[in-house]
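Listed below, chain by chain, are the residues.
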Amino acid sequence: MRKPSDGQGPVWQGFHGPNLGYVIEMYEAYLENPDSVDEEIKAYFAENGPPTLEKSEIAHSQTNVIQVSTPIEKILAAANLADKVRGYGHLAADIYPLKNQEPDKELIEMDYYGLTKQDLEEIPAHFISTDIPHHLKNGYEAIEYLKKVYTGKIAFEIRHVNNNQEKMWIRNKIESGSLLPSLTADKKKKLLQRLTEVEEFEKFIHKTFVGQKRFSIEGLDTLVPLIDEIILETVENGASTINIGMAHRGRLNVLAHNLGKPYEMIFAEFQHAPNKELVPSEGSIGINFGWTGDVKYHLGLNRELPEKNQRKARITLANNPSHLEFVGAVVEGFTRAAQDDRTDKGYPKEDLSSALAILVHGDAAFPGQGIVAETLNLSRLKGYRTGGTIHVIANNLIGFTTERMDSRSTRYSSDLAKGYEMPILHVNADDPEAVLAAAQFACEYRETFKKDVLIDLVGYRRFGHNEMDEPMTTNPLMYQLIQKHPTVKELYAQKLLQENILSQGELEQLEREVLTRLQEAYAKVPEKEEKEGDPKPPETVEKGISKMKTGVPLEKLKKMNEELLQWPEGFQVFSKLSRILKRRLDAFKDNGKVDWGLAETLAFASIIADGTPVRLSGQDSERGTFAHRNIVLYDQNTGEKFSPLHRLSDAKASFSVYNSPLSEGSVLGFEYGYNVFAPETLVLWEAQFGDFSNAAQVIFDQFISSGRAKWGEKSGLVILLPHGYEGQGPEHSSARMERFLTLAAENNWTVANLTSAAQYFHILRRQAAILNKEEVRPLVIMTPKSLLRNPRVASHPSALSEGEFHSIIEHKAIGQEADKVERVVLGTGKMVINLLEQLDTVENTEWLHVVSVEEIYPFPMESLKMVLDSLPNVKEIVWVQEEPKNMGAWTFVEPRIKEIAASDIEVRYVGRRRRSSPAEGDPDVHKMEQACIIDKVITRF
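Calculation criteria
- Residues numbered from 1 in each chain as written.
- Predicted model: local features only at pLDDT ≥ 70, side-chain atom pairs only at ≥ 80, totals over all residues.
- Heavy atoms only, no water.
- Helix = DSSP H or I, 4+ residues; strand = E, 2+ residues; numbered from the N terminus.
- Buried < 20%, exposed > 50% of the residue type's maximum accessible area, 1.4 Å probe, protein only.
- Contact = heavy atoms within 4.5 Å.
- Areas by Shrake-Rupley, 256 points an atom, 1.4 Å probe, with all protein chains shown as cover.
- Lys, Arg positive; Asp, Glu negative; His and termini not counted.
- Charge placed at Lys NZ, Arg CZ, Asp CG, Glu CD.
- Polar contact = N/O pair within 3.5 Å; in protein donor to acceptor, adjacent residues only side chain to side chain.
- Core = buried A, V, L, I, M, F, W, Y, C linked by side-chain atoms within 4.5 Å.
- Pairing = 2+ DSSP bridges.
- Axes fitted to C-alpha atoms, helices over the stretch in contact; angles between N-to-C directions.
- Salt bridge = Lys/Arg side-chain N within 4 Å of Asp/Glu carboxyl O.
- Parallel < 35°, antiparallel > 145°, perpendicular 65-115°, else oblique.
- Nonpolar A, V, L, I, M, F, W, Y, C, P; charged D, E, K, R; others polar.
- pLDDT = per-residue confidence, 0-100.
- Expected span 1.5 Å × (residues − 1).
- Phe/Tyr/Trp six-rings, centres within 6.5 Å; stacked < 30°, edge-to-face > 60°.
- Lys NZ or Arg CZ within 6 Å of the ring centre and 35° of its normal.
- Left-handed = near helix turned anticlockwise from the far one by under 90°.
- Right-handed = clockwise from strand over helix to strand, strands pointing away.

1. Describing the overall build of the protein chain
- When helices and strands are tallied, the protein chain shows 32 helices and 29 strands.
- The burial tally for the protein chain puts 59% of its 941 residues in the buried class.
- Considering only contacts within the protein chain whose residues lie at least 6 apart along the sequence, 79% involve residues at least 24 apart.
- When the accessible surface of the protein chain is summed, it comes to about 38600 Å², and 48% of that surface belongs to carbon and sulfur atoms.
- Charge centroids of the protein chain, computed over 110 positive and 136 negative side chains, lie 3 Å from each other.

2. Concerning the side chain of Glu 804
- With respect to the element layout, Glu 804 can be found in the loop between helix 28 (797-801) and strand 24 (808-810).
- With relative accessibility at 14%, the residue Glu 804 sits in the buried group.
- Engagement of the side chain of Glu 804 in a polar contact is seen with the side chain of Lys 547, the distance being 3.1 Å.
- If we ignore the near neighbours within four places in the chain, the residues touching Glu 804 are Lys 547, Met 548, Lys 549, Thr 550, Gln 759 and His 762.

3. Here's the deal with the nonpolar core
- Counting residues in each nonpolar core, the largest one holds 105 residues, and the members touching the most others are Leu 223 and Phe 267.
- Per-element accounting of this core gives the leading share, eleven residues, to helix 15 (residues 432-449).
- Residues contacting Leu 223, with those up to four places away along its chain left out, are Ile 217, Met 246, Val 254, Val 360, Val 392 and Leu 457.
- In terms of nonpolar packing, the next biggest core, distinct from the first, is built from 78 residues, Tyr 384, Met 422, Val 683 and Leu 741 among them.

4. Here we look at the sheet that holds strand 26 (residues 848-853)
- Ordered by their spatial adjacency, five strands build an open sheet running 24-26-25-28-29, and the pairing between neighbours is mixed. Edge positions in the open sheet fall to strand 24 and strand 29 (906-912), since each of these has one partner strand only. Neighbour to neighbour, the strand axes of the sheet diverge by 25° on average, direction disregarded.
- In this sheet, strand 26 lies alongside strand 24 in antiparallel orientation, the contact comprising three bridges. Among the inter-strand pairings, Ile 809 is bridged to a residue of strand 26, identified as Ser 852.
- Across the sheet, helix 29 (residues 830-839) lies against strand 25 (823-827), strand 26 and strand 28 (876-884), angled at about 155° from strand 26, the strand it touches most.
- Packed onto the sheet, helix 32 (residues 923-937) meets strand 25, strand 26, strand 28 and strand 29 and runs at close to 165° relative to strand 29.

5. What about the pattern of salt bridges?
- In total, this model carries 55 salt bridges according to the counting rule given.
- Across the pair Lys 261 and Glu 269 runs a salt bridge whose closest N-O atoms are separated by 2.8 Å. Here Lys 261 and Glu 269 have matching classes, each one buried.
- Arg 615 is paired through a salt bridge with Glu 671; the nearest N and O atoms lie 2.7 Å apart. Taken together, the residues Arg 615 in strand 16 (residues 614-618) and Glu 671 in helix 23 (residues 665-677) connect sequence positions 56 residues apart.
- Classification of Arg 615 as buried rests on a relative accessible area of 1%.
- When its relative accessible area of 0% is taken as the criterion, Glu 671 is described as buried.
- Salt bridges sharing partners connect three or more residues here, namely Lys 188, Glu 433, Lys 495 and Glu 499.

6. Some remarks on the packing of helix 23 against helix 24 (residues 697-704)
- Two numbers describe how helix 23 lies on helix 24: the axes approach to 8 Å, and their chain directions differ by 25°. On the basis of the axis angle, helix 23 is roughly parallel to helix 24. Across the interface between the two elements, Gly 665, Leu 668, Gly 669 and Tyr 672 from helix 23 touch Ile 699, Phe 700, Phe 703 and Ile 704 from helix 24.
- In terms of residue class, the contact of helix 23 with helix 24 is made up of six nonpolar, two polar and no charged.

7. Describing the confidence of the model for the protein chain
- Looking at the protein chain, the pLDDT average stands at 89 and 91% of residues meet or exceed 70.
- For the protein chain, per-element mean pLDDT is lowest for strand 1 (residues 58-60), which scores 40, and highest for strand 22 (residues 750-753), which scores 98.
- Throughout residues 1-14 the model reports pLDDT below 50, and contacts reaching past four residues in sequence, or to other chains, amount to 32 contacts.

8. Comments concerning helix 27 (residues 757-769)
- Its 13 residues place the ends of helix 27 19 Å apart at the C-alpha level, agreeing with the 18 Å of an ideal helix rising 1.5 Å per residue.
- Buried residues dominate helix 27, accounting for twelve of its 13 residues.
- Along helix 27, the residues classified as buried are Ala 757, Ala 758, Gln 759, Tyr 760, Phe 761, His 762, Ile 763, Leu 764, Arg 765, Arg 766, Gln 767 and Ala 768.

9. A look at helix 3 (residues 72-88)
- Over its 17 residues, helix 3 runs 24 Å from end to end, which matches the ideal 24 Å to within 8%, given 1.5 Å per residue.
- In terms of residue burial, helix 3 counts as a mostly covered element, since 14 of its 17 residues are buried.

10. Considerations on the sheet that holds strand 27 (residues 855-857)
- In space, the seven strands of this open sheet follow the order 19-16-20-21-23-22-27, with mixed pairing throughout. Lying at the two open borders of the sheet, with one neighbouring strand each, are strand 19 (655-659) and strand 27. Strand-to-strand twist of the sheet, defined as the mean angle between neighbouring strand axes without regard to direction, takes the value 20°.
- Against the sheet, helix 23 engages strand 16, strand 20 (682-686) and strand 21 (718-722), with an angle of about 170° to strand 20.

11. Re the pairing of strand 19
- Counting buried residues along strand 19, four of its five residues qualify, which places the element largely inside the surrounding structure.
- For strand 16 and strand 19, the ladder comprises five bridges, and the chain directions are parallel. Each bridged residue has a counterpart across the sheet, and for Val 614 the counterpart in strand 19 is Phe 655.

12. Things to note about the packing of aromatic side chains
- Counted according to the given criterion, the structure contains 31 aromatic pairs.
- Between the aromatic rings of Tyr 857 and Phe 892, the centroid separation amounts to 6.0 Å while the plane-to-plane angle is 75°, which identifies the pairing as edge-to-face. In this pair, Tyr 857 is assigned in strand 27 and Phe 892 in helix 31 (residues 890-900), connecting sequence segments 35 residues apart.
- Its relative accessible area of 8% is what places Tyr 857 among the buried residues.
- For Phe 892, a relative accessible area of 9% corresponds to the buried category.
- Every member of this aromatic cluster is reached through a ring pair, and the members are Phe 201, Phe 204, Phe 209, Tyr 263, Phe 267, Phe 270 and Tyr 522.
- Here Lys 582 stacks its cationic end above the ring of Trp 567, 4.5 Å away from the centre of that ring.
- Stacked on the ring of Tyr 674, the Lys or Arg Arg 615 has its end atom at 4.7 Å from the ring centre.

13. Description of unusual backbone geometry
- Residue Pro 858 follows Tyr 857 across a cis peptide bond; omega there is -5°.
- Checked against the element boundaries, Pro 858 lands in the loop between strand 27 and helix 30 (861-869).
- If you check the backbone angles, Lys 450 has positive phi at about 55° while not being a glycine.
- Mapped onto the elements of the fold, Lys 450 is located in the loop between helix 15 and strand 15 (453-458).

14. With respect to the environment of Pro 367
- Along the polypeptide, Pro 367 turns up in helix 13 (residues 365-368).
- Residues Pro 367 and Ser 414, spaced 47 residues apart in sequence, show a C-alpha to C-alpha distance of 7.2 Å.
- Apart from residues lying up to four places away in sequence, Pro 367 is in contact with Arg 408 and Ser 413.

15. Topic: the side chain of Arg 584
- Note that Arg 584 resides in the loop between helix 21 (575-582) and helix 22 (596-609).
- One buried charged side chain, Arg 584, makes no salt bridge at all; its nearest oppositely charged neighbour is Asp 595, positioned 4.7 Å away.
- With sequence-adjacent residues up to four places away left out, Arg 584 is seen in contact with Asn 561, Leu 565, Gly 597, Leu 598, Thr 601, His 628 and Arg 629.

16. Some points on the packing of helix 8 (residues 185-208) against helix 17 (residues 488-498)
- Direction vectors running N to C along helix 8 and helix 17 enclose 155°, while the axes themselves pass 9 Å from each other. As judged from the angle between their axes, helix 8 and helix 17 are roughly antiparallel. Along this stretch, helix 8 crosses helix 17, giving a crossing that reads as left-handed. Together, Lys 188, Lys 189, Leu 191, Leu 192, Leu 195, Thr 196, Glu 199 and Glu 200 of helix 8 and Val 488, Lys 489, Tyr 492, Ala 493, Lys 495 and Leu 496 of helix 17 make up the contact between the two elements.
- Of the residues in the contact of helix 8 with helix 17, the class split is seven nonpolar, one polar and six charged.

17. Re the pairing of strand 26
- In terms of burial, strand 26 is largely enclosed, as six of its six residues are buried.
- Here strand 26 shows two buried faces, one formed by Leu 848, Val 850 and Ser 852 and the other by His 849, Val 851 and Val 853.
- With five bridges joining them, strand 25 and strand 26 adopt parallel strand pairing. Following the sheet pairing, Arg 823 is matched in strand 26 by Leu 848.
- Handedness of the crossover joining strand 25 and strand 26 through helix 29 is recorded here as right-handed.

And the structure:
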């Protein structure tokens, strides 16, 4: 802040335009709360009072010096007015097509600040703004110009953008006049053609398939040219991948026009006719079909743009269920996968300009669904950033039948975005040229600052939520306006007629040509076919995962282990942790054992040595929630980070691990999307505690478990869910295995609960081996907590080098004489380990045979049947579990065990009673319950 030079108070000579407005804004903030400004500025205001200027302020223009005689309070008032036009012009902007919102102009009128036209005319224009066109000579012209640009068909909210460089860039873009470039006559004609295609497509479906849902775009028709423009601008800037996520409103139109899905394919879906043979033969359209399918307005599409100017591009519209906004996180994962180069060791190399995410939100969903905020929070995190997403709110001012006063507590549906400091443009959807300008701004901002930007496309919904609804019953006032309102195509056609850009005859010909294309496409649709009543998955899915060798030579494992414990020269690991890690060298010595954490690290090391990239994320995944992993190390003196997996001599692919934000839904959705888009990568998501995964239940239900059956969307995602009853209460015990088993069918995923480090090693390597195969499927593992350091879970190195994954493990130490076995005990995970520990203290156990079921789904019926067939005198099979009877695996396994058991063998359950809560809250009660369960198992009934 400039100090006074003459002892007469501060002199602010040279402050003008935005700088003057900035100082005034700071002083207003100081008056409201002195602590809200910098300490130096606070002291300055306290000593010298409000800003003042000399009565004969000198303003320097580019070519001359102008003497100003206007009273200083008028100059300050004018600067304040200009600042308020910038900040509150959106309240008076013409952004509502239905004109159903009264503009609020109070804060941008000159009389509110005690100014007259004459006052403003005496102030140089560049006192108001240094960015405005040079032909504006005085303050009045400057203010009127600012009103025009800030209250037109595009309104701006940027005050929440705190970075001054960004703010000045945006202000220059708006006030210089470069935001609204003039379109050529040819571009305007093409824009009208697109609007005609959009409108006629909807009308044709409405008339041809009466009463069928289509979730029409009408009222937001300019969404299609908006997306067109974003794709065009981004591809011209060098992007090769565009990923789009959106709900069902307008989806069919976006598929038809932005992604080029043939009309006849869409019509065939309405007519329930076969459409696979309608896929274009040139291969520019990629459509995957699941065996159960989905409704037409949930389906996605891939499209390859033809090479143009030496650039090719892939556009993907993600499949999306009716859970609206959850697809946003998935699309962000798609996009990061497209940007990462995983072909070399270390973290992947990011190219943020190579791919773009476009997320189309609903105006009710954007503030209403918490997954939106979760996903926005990923935007600038190093493990999840995508270099800026272009968000579009398809704003029809209503959610189903609920109008906005009942669906949000904010003025705009976009207000949530302010917390993430992205510029917000509200644009009138009835002005196609303004919409294109908004698209160009968004692309340029994103390219410049690598940040998110939001376009609030304000329109309306011409019909009900779907075409069978009658909106006049619930929203009569709005729909009286809509029924009288012309379409955007009609409005734009009239504009071009008035500008003499096209004639009435050309307009009619355009409409005929579009309608003819629609009719010709419909004529290609085959007759409705009789569907099979029981759609089945492909044979490769039904047959399951075949046995495979996953061992790694012992010398190779030993070499990897040694390299993992070689740190950069001078790198100081925390002494206690260093000692713990160095003990891993003993694992390959005589009688050494590999614990769970080391087995995992060696699995990762061997997988990247095979050329398969690995990506792991979760809330504490660098260290591990239970401090077992420590796969990223920190120098205790400098804080520098280092991962030994990045320096392995044999590594042929990237390894990345990220501590995630405290979100399950968005992060799991992101990792699923990453895996789908990068199917050659082993992607793992780890919950902090297993039951926290229930905050991501939509992703499990709608995407991971069923995506392949519905959409043909393959995934090999690994989900790690810490599970085990340790007496820590109901929220730190159960990973809710029962939920994953309830969703298990058609070999849609593997659900496992393991009892040895070697088993974990092999199942991870098996998962990596199937990633690019037809039998690929997700893997859900109930991972241990207290067992992480249990000696009984550790494995001899030979089990990693010679073995393979086993769906069951027989514990031969018990029941060695087959004809003496009367009870077969089946269990899984920690319960089996606790049982075996107790049996170490018991004599005369030859009548018991314990089998650990390592893979619960697919259930190993054949393997278990072979065990039972080898034991001729079995009288009973006991399933033991630590979870309550209505939880865990019992309900799932009971009918399967009974199916393989002989009729004279009794199948019994031992475990906790049915409960509403997963576990006890008192550790002492837990121990008593656990002891009671084990006692029942080892005691003859």
